[in-house]
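Spelled out from the first residue to the last, the chains are:
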Amino acid sequence: MPTLNWIGKEKVVNHHRDVPFRVLEHQYHFSAEKGVSAESSAEAGNMIIHGDNLEALKALLPEYEGKIKCIYIDPPYNTGTEKWVYNDNVNHPKIKKWLGEIVGKEGEDLSRHDKWLCMMYPRLRLLQRLLKDDGVFFISIDENEIHTIRILLDEIFGSNNFIEQIVWNKRVPKNDKGIGNIHEYILLYSKQSKHDHRFTQLKEGIDEIEELIQKSKRKNLSIAETETEVKKLYKKNGYDRGITLYNNLDRNYKLWGKINMSWPNGQTFGPRYDVLHPKSNKPCKVPDRGWRWKEDTFLANVNYDEIEELPDGSYKCGKIWFAKDENTQPSSIKYLDEVNDFLLRSIISLKSSGSIDLEGIFKKSAFDYPKPVRLLELLLNSFQDSESIILDSFAGSGTTAHAVLNLNKLDGGNRKFILVEMEDYAEDITAERVKRVAKGYGEGKKTIEGTGGSFDYYELGEPLFIGENQEHLNEEVGIDKIRQYIWYSETKTSIPVIAKEERLKQSQNKKAESKHYLGERDQTAYYFYYHPDEITTLDHDFLATIKTKAEKYVIYADNCLLSKEFMAKHNIIFKKIPRDITRF
Ligand SMILES: C[S@@+](CC[C@H](N)C(=O)[O-])C[C@H]1O[C@@H](n2cnc3c(N)ncnc32)[C@H](O)[C@@H]1O
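These figures come from a predicted structure and were not determined experimentally.

Novice: Before we go on, may I ask you to explain the overall build of the protein in this structure?
Specialist: Helix and strand counts for the protein come out as 18 helices and 29 strands. Oriented by its inertia axes, the alpha-carbon framework of the protein measures out at about 100 × 60 × 55 Å. Across the 584 residues in the protein, those meeting the buried criterion constitute 49%. A separation of at least 24 residues holds for 67% of the contacts in the protein among residues at least 6 apart in sequence. Accessible area of the protein: about 30100 Å², with a carbon and sulfur share of 47%. The average position of the 85 basic charges and that of the 91 acidic charges among the side chains of the protein differ by 3 Å.

See the structure below:
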């Protein structure tokens with residue numbers, strides 16, 4: 001498989017491991033009903049994080065590794081006009097030279113692609129880890145980096161997990177290079193291709209077609225005349241073939257289409273049997289490679305007792321269409337209302353209306369180049385999971401959260417969003433937009449009803465380890481966060497949440513475990529014996545406090561007085577604080 005090399009690559013391939021682990025500090029909770037409050041929500045819900053996504057993604061790992069169903073990102077495209085700065089703290093003179101400079105245009109800045117790739121690589125590595133096994137990844141990109149990011153993503157996700165290079169036709173061209181550039185891309189990867197992925201989109205325009213048919217019926221237009229009107233509408237609106245295929249009306253004015261009945265595979269052959277024409281009673285022409293269906297399936301669909309002659313002289317017998325005579329191959333019949341969705345198309349044609357969406361909310365142009373909400377709705381609805389967690393780590397104006405709230409309102413789903421935005425407008429634009437969408441906005445005829453919903457707002461907090469080589473535990477972060485980290489580093493799962501009342505009950509119960517107990521997993525009990533102000537020692541007195549019977553014990557403490565033989569005999573593993581705490 002070809003791989004991509006660039007200046008600085010070897011310095012960033014493991015950079016995600018050196019990034020300090022910071023905790024997330026809760027700032028406030030917002031809900032559409034109650035507004036802003038200091039309470040944090042009881043369950044992990046929607047989140048908006050203000051901070052650099054490299055650190056934010058790392059902070060999300062303990063709770064969210066392997067749990068995110070969909071990632072959508074829209075990073076800087078590296079156009080040379082975005083004024084983005086490569087500022088990752090990579091400790092290498094060549095890279096340090098780049099820090100703090102605005103990444104410029106092609107020609108002016110010879111290392112602009114190197115900087116962009118150095119910025120993207122560690123973030124993509126973390127994003128890939130956060131995805132669920134059956135998760136999917138979308139990234140918006142344009143012609144400036146499509147050629148590099150595709151190879152990079154093949155390397156990080158595996159080329160077998162590449163699904164599609166979607167073209168988004170924005171309908172309005174950009175003409176600055178003497179060519180009408182009208183599209184950009186959305187790359188789609190899965191975490192693991194072995195999962196059956198199916199991406200669908202609703203058949204748009206169905207309402208309009210239905211309205212036309214009802215109008216024609218009211219005007220007493222014949223079936224043939226109504227069919228002509230429908231075909232005119234298809235032409236005018238340039239509908240997709242997934243709709244235009246349905247261009248016949250039955251006697252109840254229901255739209256149906258003809259589906260080819262020949263064997264579809266060019267390498268193999270389908271069954272051959274006689275299909276009698278309903279009028280001539282002679283066998284119809286058998287397709288060169290045989291029929292698509294087994295004879296039983298054909299017989300279940302044809303109905304020779306109900307022959308309907310159509311205005312053009314052809315026939316409809318149940319769900320099979322026959323031409324005037326046996327010389328033309330018959331087709332199967334499918335009704336438009338039997339198929340509400342079709343596979344997501346690799347070309348999406350949708351006006352680039354993100355700024356208009358935003359102007360409705362802020363009454364002014366608040367953000368450059370937001371994505372249209374409709375585009376995000378289309379992508380986030382395509383994998384058909386209304387309970388998913390959706391992550392956008394280059395959140396900008398928060399279009400992803402807007403689409404999530406809209407979709408939940410539409411189908412009663414329970415999708416959750418996590419947004420990360422580095423700039424200070426995370427509060428005034430990103431979070432503010434979500435608040436307005438949840439509560440409702442606009443005036444008069446332009447009033448948009450609120451979607452409802454809530455989120456918690458976080459800042460990136462203290463690092464968990466301090467010192468030049470991250471050798472000390474930072475007590476400032478609080479014991480709960482440290483325990484959460486230790487549990488995750490051992491089990492790669494999030495620590496079981498025990499409600500406050502349950503904790504109180506446990507502490508009053510003499511048989512309950514000590515407060516140093518973290519939990520049990522895979523027959524191993526974990527303890528974090530730690531006091532900020534005194535040295536802890538793993539000895540027989542501590543063992544006497546242990547209530548859990550497990551096959552193995554992993555115990556963190558400052559010191560250990562147990563003999564090696566005793567520990568081996570009782571399957572006890574001692575881990576020294578902070579030396580043996582895994583950094584990830
Ligand atoms: C192209 S915009 C995204 C627009 C967004 N899709 C929308 O519809 O509004 C990219 C955003 O990523 C943010 N960003 C860039 N680098 C980042 C980083 N390292 N961490 C977090 N956010 C970052 C930028 O500040 C910018 O708001």
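Read on for the rest.
Novice: I keep staring at the sheet that holds strand β14 (residues 331–335) and nothing clicks. Help me out?
Specialist: Within a sheet, neighbouring strands are paired by backbone hydrogen bonds and run either parallel or antiparallel to one another. Spatially, the 6 strands line up as an open sheet ordered β9-β10-β14-β13-β12-β11, and their pairing is antiparallel. Because the sheet does not close on itself, it has two edges, and the strands there are β9 (248–249) and β11 (302–309). Sheet analysis places strand β13 (residues 320–322) next to β14, joined by 2 bridges and oriented antiparallel. Bridged to Ile320 within β14 is Ser332.

Novice: Explanation requested: the sheet that holds strand β24 (residues 517–521) in the structure shown.
Specialist: Strand order in the open sheet formed by 4 strands is β24-β25-β27-β29, with mixed pairing between adjacent strands. Each edge of the open sheet carries a strand with a single partner, namely β24 and β29 (572–576). Each neighbouring strand pair of the sheet contributes to a mean axis angle of 15 degrees, computed without reference to strand direction. Pairing of β24 with strand β25 (residues 524–528), which is carried by 4 bridges, proceeds in the antiparallel orientation. Among the inter-strand pairings, Glu520 is bridged to a residue of β25, identified as Ala525. Helix α15 (residues 479–491) rests against β24, β25, β27 (552–557) and β29 of the sheet, and its axis sits at about 25 degrees to β24.

Novice: Is there a simple way to think about the domain arrangement of the protein in this case?
Specialist: How big an interface is tends to be stated in terms of the accessible area lost upon association of its parts. Here the protein is described as being made up of domain 1 (9–199 + 344–462), domain 2 (206–342) and domain 3 (474–576). Computed over C-alpha atoms, the centres of domain 1 and domain 3 are 38 Å apart. With 10 residues of domain 1 in contact, the opposing surface of domain 3 contributes 10 residues. Carbon and sulfur atoms make up 61% of the area that domain 1 and domain 3 hide from each other, which totals about 830 Å². Counting the surface domain 1 buries against domain 3, the share from its top three residues, Val23, Pro62 and Glu462, is 52%. Applying the counting rule to domain 1 against domain 3 returns 0 salt bridges. At the junction of domain 1 and domain 3, the tally comes to 3 residue pairs in polar contact (both at pLDDT 80 or more).

How each quantity is defined
- Here the residue numbering is sequential within each chain, running from 1 through the sequence in written order.
- Local features in this predicted model are restricted to residues whose pLDDT is 70 or higher, and side-chain atom pairs enter the listing and the counts only when it is 80 or higher, whereas totals over whole chains, interfaces and linings include all residues.
- As a rule here, side-chain values come from all non-hydrogen atoms in the structure, and water together with hydrogens is ignored.
- Put simply, DSSP marks the helices as runs of H or I at least four residues long and the strands as runs of E at least two long, and each gets a number from the N terminus on.
- Exposure categories follow from relative accessible area, calculated using a 1.4 Å probe and restricted to protein chains: below 20% of the type maximum is buried, above 50% is exposed, and the middle band is partly exposed.
- By the convention used here, residues are in contact when the closest approach between their heavy atoms is within 4.5 Å.
- Each accessible area value is a Shrake-Rupley result obtained with a 1.4 Å probe; residue values ignore everything except the protein chains displayed when judging cover.
- His is not counted, nor are the chain ends, whereas Lys and Arg count as positive and Asp and Glu as negative.
- To locate a charge, take NZ of a lysine, CZ of an arginine, CG of an aspartate or CD of a glutamate.
- Note on pairing: two strands pair once DSSP finds at least 2 bridges between them.
- A fitted line through C-alpha atoms represents every axis, and for helices the fit uses only the stretch in contact; the resulting angles, taken between N-to-C directions, go from 0 to 180 degrees.
- Note: domain ranges come from an automatic or database domain assignment.
- What gets called buried area is simply the loss in accessible area from a 1.4 Å probe that two parts show on being joined, summed for both.
- Salt bridge, as applied in this entry: a Lys or Arg side-chain nitrogen positioned within 4 Å of an Asp or Glu carboxyl oxygen.
- Here a polar contact means two N or O atoms within 3.5 Å. Within protein one must be a hydrogen donor candidate and the other an acceptor candidate, and residues neighboring in sequence count only if both atoms are side-chain atoms.

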